[in-house]
Amino acid sequence: MASHSQRAKEMKLPVGVLTTLFLTAFTLTSLAGSNRKSQLARTPPMGWNSWNHFALKINDALIRTQAQALVASGMKAAGYEYIVIDGGWEGFHDDQGVFHPDPQKFSDMKALCDFIHGLGLKVGIHTSPGPTTCRGREASYGHEKQDAETFARWGIDFVKYDWCSGDEVY
């Protein structure tokens, strides 16, 4: 049986695309008029997550390349729709509490989200409820509402909320 990296080469995908595809199931809540009902998603949300192959070694150009590969490889047509920017994007909260990406890696998150949306994909991002992420980067503790508003302004569609350092705040 061919390895993940051999299959990626055969399909002419950037390294890590096949090894970092993720598949998760969850229940969606929809509003139909004034009646609230829960229903199972037609398919689980599927896409690509940067962590499994690249860990903290990500930047704007790499994320764009992976998003283009998801489309070019046919994975988007097969139902894979999310590009999740995992740990490594985080920079700092400024004096007003606004979360900024690492300026050496991500100069304009809104432009990156617009690019990904232009490919017909959705964008996810990673943070944590504690003061730091699992790898010690800045997280959302004390800024949850403001971070959610920032993510929305950027165009983020999905938040991967790891519990890393969450126990430190209780």
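Residues numbered from 1 in each chain as written. Predicted model: local features only at pLDDT ≥ 70, side-chain atom pairs only at ≥ 80, totals over all residues. Heavy atoms only, no water.

**Q** Sorry if this is basic, but what is going on with the overall build of the protein chain here?
**A** Within the protein chain, the secondary structure is distributed over five helices and nine strands. In the protein chain, which comprises 170 residues, the share counted as buried stands at 39%. Within the protein chain, counting contacts between residues at least 6 apart in sequence, those at least 24 apart form 67% of the total. (Helix = DSSP H or I, 4+ residues; strand = E, 2+ residues; numbered from the N terminus. Buried < 20%, exposed > 50% of the residue type's maximum accessible area, 1.4 Å probe, protein only. Contact = heavy atoms within 4.5 Å.)

**Q** Help me understand the packing of aromatic side chains, please; the structure alone is not making it clear to me.
**A** When we look at a pair of aromatic rings, we describe it by the centre distance and by the angle of the planes. Applying the stated criterion to the full structure yields six aromatic pairs. Between Trp89 and Phe99, the ring centres sit 4.8 Å apart and the planes meet at 55°, which makes this aromatic pair tilted. Of this pair, Trp89 sits in the loop between strand 5 (82–85) and strand 6 (90–93) while Phe99 sits in strand 7 (residues 99–101), and the two are 10 residues apart along the sequence. With a relative accessible area of 0%, Trp89 lands in the buried category. For Phe99, a relative accessible area of 1% translates into the label buried. Through successive ring pairs, a cluster of aromatic residues spans Trp89, Phe99, Phe151 and Trp154. Residue placement shows Arg64 over the ring face of Phe115; its charged tip is 4.7 Å from the ring centre. (Phe/Tyr/Trp six-rings, centres within 6.5 Å; stacked < 30°, edge-to-face > 60°. Lys NZ or Arg CZ within 6 Å of the ring centre and 35° of its normal.)

**Q** How should the side chain of Asp102 be read in this particular structure?
**A** Along the polypeptide, Asp102 turns up in the loop between strand 7 and helix 4 (109–118). Within polar-contact distance, the side chain of Asp102 engages the backbone nitrogen of Gln104 at 2.9 Å. At 3.5 Å, the side chain of Asp102 and the side chain of Arg137 are in polar contact. Ignoring sequence-local partners within four residues, the contact set of Asp102 consists of Gly88, Trp89, Glu90, Gly91 and Arg137. (Polar contact = N/O pair within 3.5 Å; in protein donor to acceptor, adjacent residues only side chain to side chain.)

**Q** Hey, could you run me through the confidence of the model for the protein chain in this one?
**A** In low-pLDDT segments, the atomic positions of the prediction should not be examined closely. Residues at a pLDDT of 70 or more form 76% of the protein chain, whose mean pLDDT is 81. This model gives residues 1–36 a pLDDT under 50, and the stretch forms 69 contacts once residues within four places in sequence are excluded. (pLDDT = per-residue confidence, 0-100.)

**Q** Explain the pattern of salt bridges here, please?
**A** As a working rule, side chains carrying opposite charge can pair if their charged atoms are close by. Evaluated as defined, the whole model comprises eight salt bridges. Linking Lys122 and Glu81 is a salt bridge whose minimum nitrogen-to-oxygen distance equals 3.6 Å. Placement of Lys122 in strand 8 (residues 122–127) and of Glu81 in the loop between helix 3 (60–72) and strand 5 is noted, with a sequence separation of 41 residues between them. With relative accessibility at 33%, the residue Lys122 sits in the partly exposed group. With a relative accessible area of 27%, Glu81 lands in the partly exposed category. (Salt bridge = Lys/Arg side-chain N within 4 Å of Asp/Glu carboxyl O.)

**Q** Is there a simple way to think about helix 5 (residues 144–154) in this case?
**A** Residues separated by three or four positions in an α-helix point in the same direction, a consequence of the helix having 3.6 residues per turn. Every buried residue of helix 5 is listed here: Asp147, Thr150, Phe151 and Trp154. Viewed end-on, helix 5 has its buried residues packed into an arc of 100°, placing them on one side of the element. Summarising the geometry of helix 5, the exposed residues directed more than 90 degrees from the buried face are Lys145, Ala152 and Arg153. Of the surrounding elements, those touching the buried residues of helix 5 are strand 6, strand 7, helix 4, strand 8 and strand 9 (158–161). (Arc of directions from axis to C-beta.)

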